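# Coordinate analysis (summary)
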Amino acid sequence: MRATVIHAPHDIRVEEVPDAAIQRPEDAVVRVLRACICGSDLWAYRGEAARKPGQRIGHEFLGIVEETGSAVTDLRAGDLVVAPFMWSDGTCEYCAEGLFTSCEHGGFWGSVGHDGGQGEAVRVPHADGTLVKLPAEAVSDDHLLTALLALSDVMGTGHHAALGAGVREGSTVAVVGDGAVGLCGVLAAKRLGAERIIALGQHTVRTDIAKLFGATDVVAERGEAAEAAVRELLGGRGAHAVIEAVGTEQSMRTAVNITRDGGAIGYVGVPHGSGTGLDLGVMFDRNITLRGGVAPVRAYIPELLKDVLSGVIDPAPVFDRTVSLDEVPNGYRAMDDRSALKVMIKP
């Protein structure tokens, strides 16, 4: 089969690799209908996250089950399914607590020896604990499939950030980051009943999506100017809930400085250079709470799925470019130079 591999920084290729195949009784093989490129994939693309030459890449996909191992009981060939960005057994102590990303037998798509999502097919370990069935009729609805693809990562991650920030009915929320996760954080905050949502971003195309998703205000400044602008909008006090969806030192500092005393930050930006972005003394003095981390999206898919199917939320607009499998290297370049927000792949 053909799949995307990374050989070196800025060297993404689509190559022939061994076919996805059942290796253990708990496995399933999924033929990929939709996949996408994540902002976190760019860290490897830019050489800021280590990868072995020839390693697979991609962790967001949905598709059709083609084959199941003998121990798989909840799925059958022909089922339409979405995969969260990590696999999990669904039965260990952490999974029972809803923390699927800490599963004792879990793992990450594209890790050494495993298929990545950006290919024609994927071997799925622990298929019963990982995959979520989707309505069969969604196969013929291109827009719905696009929205459902967001459940594999960005919608669930935005929701995780909103929960970490304590978003509730009537909240005032600020969102740091105008990538797909930040925009889904806006949508998640709106879904949870936020009254005012301030999106921080400089790119009109992206802030227009933020407004579509429920943002009431946009702040285009950065750094201290952004902090001053947010505080001016909120009478000098900052936001009850702040979503941090970037992961840099500057973004975390901005998040802290725009949080209202007694407020909370939900952080989901993969940390890169943010080790000194927190002043615990400031957070202590102002009673600021910090919650978040890698999102256990498998825990959130069932409830978010209902709202996507009913039309309550529609994360599809975060995908602004579609490429074939052969065009994946172009998709990486487009996201790297920010000419695309989030690239969808149709193998």
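These remarks concern the structure in this document. (Residues numbered from 1 in each chain as written. Predicted model: local features only at pLDDT ≥ 70, side-chain atom pairs only at ≥ 80, totals over all residues. Heavy atoms only, no water.)

### Description of the packing of helix α8 (residues 223–233) against helix α9 (residues 249–257)
So the rule is basically this: Geometry is summarised by axes, namely lines fitted to C-alpha atoms with helices restricted to the contacting stretch, and by angles between N-to-C directions that run from 0 to 180 degrees. For helices the rule is a DSSP run of H or I covering at least 4 residues; for strands it is a run of E covering at least 2, with both sets numbered from the N terminus onward. By the definition adopted for this analysis, an angle is roughly parallel if under 35 degrees, roughly antiparallel if over 145, roughly perpendicular if from 65 to 115, and oblique otherwise. Rotating anticlockwise by less than a right angle from the far helix to the near helix defines a left-handed crossing, while the corresponding clockwise rotation defines a right-handed one. Note on definitions: a residue-residue contact is assigned when non-hydrogen atoms from the two residues lie within 4.5 Å.
Contact pair α8 / α9: the axes reach a minimum separation of 10 Å and the direction vectors enclose 25 degrees. Judged by the inter-axis angle, α8 sits roughly parallel to α9. As for how α8 packs across α9, the hand of that crossing is right-handed. Packed against α8, whose contacting residues are G223, E227 and R231, the element α9 presents Q250, R253, T254 and N257 at the interface.

### Observations regarding the pairing of strand β11 (residues 172–176)
Spelled out, the test is: Each residue is assigned to one of three classes by its accessible area relative to the maximum for its type, calculated with a 1.4 Å probe on protein chains only: buried under 20%, partly exposed between the two thresholds, exposed over 50%. Two strands make a pair as long as DSSP finds a minimum of two bridges between them. Seen with its strands pointing away from the viewer, a crossover is right-handed when the path leading from the first strand over the helix to the second is clockwise.
Burial of β11 is extensive: 5 of the 5 residues sit out of reach of the surface. Of the two faces of β11, the one holding T172, A174 and V176 and the one holding V173 and V175 are both buried throughout. Direction of pairing for β11 relative to strand β12 (residues 196–200): parallel, over a ladder of 5 bridges. Bridging from a neighbouring strand, V175 pairs with A199 of β12. Traced from β11 through helix α6 (residues 180–191) to β12, the parallel crossover comes out right-handed. Here β11 runs beside strand β14 (residues 239–244); their pairing, made up of 4 bridges, is parallel. Across the sheet, the residue bridging to V175 is I243, located in β14.

### What about the nonpolar core?
Condition: For our purposes a nonpolar core is just a set of buried Ala, Val, Leu, Ile, Met, Phe, Trp, Tyr and Cys residues, chained together by side-chain atoms within 4.5 Å.
Formed by 54 residues in total, the largest nonpolar core has its most connected members in L62, L148, M155 and V173. Here this core takes 8 residues from α6, the largest share from any one element. Formed by 32 residues, the second largest nonpolar core is a distinct cluster that contains V81, V122, Y332 and V343.

### A look at the side chain of D307
Counting through the fold element by element, D307 comes out in helix α11 (residues 297–310). Judged by its relative accessible area of 16%, D307 falls in the buried class.

### Digging into unusual backbone geometry
Glycine aside, residues mostly have negative phi angles, and peptide bonds mostly take the trans form. With phi around 55 degrees, N287 is a residue other than glycine that occupies positive phi space. Positive phi is not limited to glycine here, since R338 has a value of about 65 degrees. Assignment of secondary structure puts R338 in the loop between α12 (328–336) and β18 (343–346).

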